[in-house]
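Below, each chain spelled out in residue letters.
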Amino acid sequence: MRRERSLEDLKAEMARYERRDAFRWRCAEAAIALYAAFCLFVAPALLSHVEHWSYAAAFYFSVQAMLGIGFGALSVSTEAMKWLVTFQIVLGAFSVAFVIARVIAAAATRIERREPGWSGVHVGAGLVAALLAMMLFAGVQEGWGAATSVYFAVSAFQTSGLQTPTIHTRGAPGTAFAPVFIALVCMVGVPLWGFSIGKLVETLLRANDERTLRRSRMARERAAEAALRRISKGGGDSVDRTEFLELWLLGAGLMSEATLAHVEDEFALLRPAGGRVAVSDLRSRVTFL
């Protein structure tokens, strides 16, 4: 015989699922934090030692591999470092996918709970500031024109890296600024670019959700009105408790008229005596109990 499940059992099971999901997200976040620490501290040291680059150039290259930008100014030559960079690129792709999934999941949760979204003004202001910083660097340090500077900044944050900056691998005086500056600004600009895409996705989801709600509300109103007309045609000028529940479920969108008709057919198949069915018969014949 099927064991009866109480409401407390269902709540406890739901809490277990929520704790498990939260633990998985925390593990993934911890793994990404360790990966970022490796790319920012360990990988630059290895690249600098093996490739004989300055630490600034190695830091720039490691950040580039972590974010998947690929400016093309530097390239490793040893087999060991090629394996290392491949490892960074692959894990970087998973990290970017994780961040995008978190952003979209958070946006969907806020929409479902009717919570306010992110402040697009703050995200947009940060992105514009990072773009201006990168464009100013390109104009002053590289001597590029406005079009090339914008091209460089946007392609960097979009991670295509179509414009290659000048990077010196030797530790000559004054050569450390460019790679470190580009790496740091990209570490800010690339996430902000991703958050901006997430904000756009959230805006589109909210717009679609509002359209769906309007259509659903109109459909619920039509269904409730049709049910009222059916009751009126039956000769009644009032509703009983069952009819009120039917109207409320239809109006709330929790049940369609087709589902209501199916439920009535299922109830008729139970052959209720005097309009009621014994609980023992329900437990033995109804699948969802």
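Caption draft 1: Looking closely at the pattern of salt bridges. All chains considered together, the criterion is met by one salt bridge. Among the salt bridges present, the one from R20 reaches D21, with a minimum N-O distance of 3.9 Å. Looking at R20, the relative accessible area reads 37%, which means it is partly exposed.

Caption draft 2: View of the nonpolar core. Counting residues in each nonpolar core, the largest one holds 41 residues, and the members touching the most others are M134, F157, I182 and C186. Every residue in contact with C186, bar those within four places of it in the chain, is listed here: L67, I69, F71, M134, A156, F157 and P191. Within the second largest apolar cluster, six residues are counted, among which are A223, A227, L247 and L250.

Caption draft 3: Representation of helix 5 (residues 146-157). In a regular helix each residue adds 1.5 Å, so twelve residues correspond to 16 Å; helix 5 covers 17 Å between its end C-alpha atoms and thus fits that length. Among all positions in helix 5, only S149, F152, A153, S155, A156 and F157 are buried. Downstream of helix 5 by a residue or two, T159 has a phi angle that is positive, lying close to 75°.

Caption draft 4: Representation of a nonpolar patch on the surface. On the surface, a cluster of nonpolar side chains totalling about 590 Å² of accessible area is made up of L228, V239, F244, L245, W248 and L254. The element contributing the most residues to the nonpolar patch is helix 7 (residues 241-252), with three residues. Counting through the fold element by element, F244 comes out in helix 7. Residue classification places F244 among the partly exposed positions, given a relative accessible area of 47%.

Caption draft 5: Spatial organisation of the packing of aromatic side chains. For the structure shown, the criterion picks out nine aromatic pairs. Seen in terms of ring centroids, W144 and F152 are 5.3 Å apart; in terms of plane orientation they differ by 70°. Their pairing is edge-to-face. Exposure remark for F152: the relative accessible area of 0% places this residue in the buried category. Each residue in the set Y60, F71, W144 and F152 is aromatic and connected to the rest through ring pairs, giving one cluster.

Caption draft 6: A positive patch on the surface, seen in detail. Taken together, the side chains of R211, R214, R215 and R217 present a region of like positive charge at the surface. Among the structural elements, R214 can be located in helix 6 (residues 177-233).

About the thresholds
Residues numbered from 1 in each chain as written. Predicted model: local features only at pLDDT ≥ 70, side-chain atom pairs only at ≥ 80, totals over all residues. Heavy atoms only, no water. Salt bridge = Lys/Arg side-chain N within 4 Å of Asp/Glu carboxyl O. Buried < 20%, exposed > 50% of the residue type's maximum accessible area, 1.4 Å probe, protein only. Core = buried A, V, L, I, M, F, W, Y, C linked by side-chain atoms within 4.5 Å. Contact = heavy atoms within 4.5 Å. Helix = DSSP H or I, 4+ residues; strand = E, 2+ residues; numbered from the N terminus. Expected span 1.5 Å × (residues − 1). Patch = residues over 30% accessible without salt bridge, like charges linked within 9 Å, V, L, I, M, F, W, Y side chains within 5 Å. Areas by Shrake-Rupley, 256 points an atom, 1.4 Å probe, with all protein chains shown as cover. Phe/Tyr/Trp six-rings, centres within 6.5 Å; stacked < 30°, edge-to-face > 60°. Lys, Arg positive; Asp, Glu negative; His and termini not counted. Charge placed at Lys NZ, Arg CZ, Asp CG, Glu CD.

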